[in-house]
Amino acid sequence: MVYEWFIIHTLSGQEQKVLDSINKRIVVEEMGEYIEEVFVAKEKVVDVRGGEKKVSTKKLFPGYVFIRIQLRDDDHKIISQPMNFIKETPGAIGFVGGDQPEPTPDSDIEEIKSRIADSEDLERPKVEFELGETVKINHGAFEGNNGIVEEIDPEKGRLKVTVNIFGRNTPVDVEYWEVDKG
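In short, a report on the structure. What you see is a predicted model; the values in this text were computed from it and never measured.

1. Regarding the environment of Val 172
Piece 1. Mapped onto the fold, Val 172 is located in strand 11 (residues 168–175).
Piece 2. In this structure the C-alpha to C-alpha distance between Val 172 and Glu 120, which are 52 residues apart in sequence, comes to 28 Å.
Piece 3. If near-sequence neighbours (up to four positions away) are discounted, Val 172 is found in contact with Phe 142, Leu 159, Lys 160, Val 161 and Val 163.

Shown next as structure tokens:
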């Protein structure tokens, strides 16, 4: 038997409850030999309220918990003990794929974990911007002006916005939190 990654579908907003329940019950129900790792994919994001930066966490995949588990035997048949353990978890709907779930490739999980690790160092804004989008500057010397997003630098959390000042288009470099959509 081998450990493989699977995805558990949860009730809306119950991801942490499912994670906590699995972690508590692993020892009590002697499931440690089947379950190697379980996590909810979250990243840090920055929100600005009242001119102050606030760091919070955001679920990357709401409604899902990732688990590395021995769910299939050497003949790829489902093992009932771990399957029932997950089905009996409060807040869990079941595995993505139903009663015959397919494992998620390790490369997909590594990408998710990499994104989570990156967010520890880089605070991502809650808002996503697009080129050509109109934004309103809400902080600094150009406060109150509207502009068009010309460049996006997600690494630094900055935008280059073209603002019309005195009849001339002027590029302005701003941080994500200094603008609002629309």
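2. A closer look at the sheet that holds strand 1 (residues 4–10)
Piece 1. The antiparallel open sheet is built from four strands, whose spatial order is 2-5-1-6. If you trace the sheet from one side to the other, it starts and ends with strand 2 (35–39) and strand 6 (92–95), each paired once. Strand-to-strand twist across the sheet, computed as the mean angle between neighbouring axes with direction ignored, equals 25 degrees.
Piece 2. Inspection of the sheet shows strand 2 paired to strand 5 (residues 64–69) by four bridges, in the antiparallel sense. Looking at the pairing, Glu 37 lines up with Arg 68 of strand 5.
Piece 3. Against the sheet, helix 1 (residues 15–28) contacts strand 1, strand 2, strand 5 and strand 6, and its axis sits at roughly 155 degrees relative to strand 2.

3. Here we look at the pattern of salt bridges
Piece 1. Evaluation of the coordinates by the stated rule reveals 11 salt bridges.
Piece 2. The residue Arg 68 makes a salt bridge to Glu 36 at a minimum N-O spacing of 2.6 Å. Pair noted here: Arg 68 is in strand 5 and Glu 36 is in strand 2, with a separation of 32 residues, a long-range link.
Piece 3. Relative accessible area serves as the criterion here: at 18%, Arg 68 is assigned to the buried category.
Piece 4. Residue Glu 36 is classed as partly exposed on the basis of its relative accessible area, which comes to 47%.

Calculation notes
Residues numbered from 1 in each chain as written. Predicted model: local features only at pLDDT ≥ 70, side-chain atom pairs only at ≥ 80, totals over all residues. Heavy atoms only, no water. Helix = DSSP H or I, 4+ residues; strand = E, 2+ residues; numbered from the N terminus. Contact = heavy atoms within 4.5 Å. Pairing = 2+ DSSP bridges. Axes fitted to C-alpha atoms, helices over the stretch in contact; angles between N-to-C directions. Salt bridge = Lys/Arg side-chain N within 4 Å of Asp/Glu carboxyl O. Buried < 20%, exposed > 50% of the residue type's maximum accessible area, 1.4 Å probe, protein only.

Any functional reading would require information beyond the geometric quantities listed.
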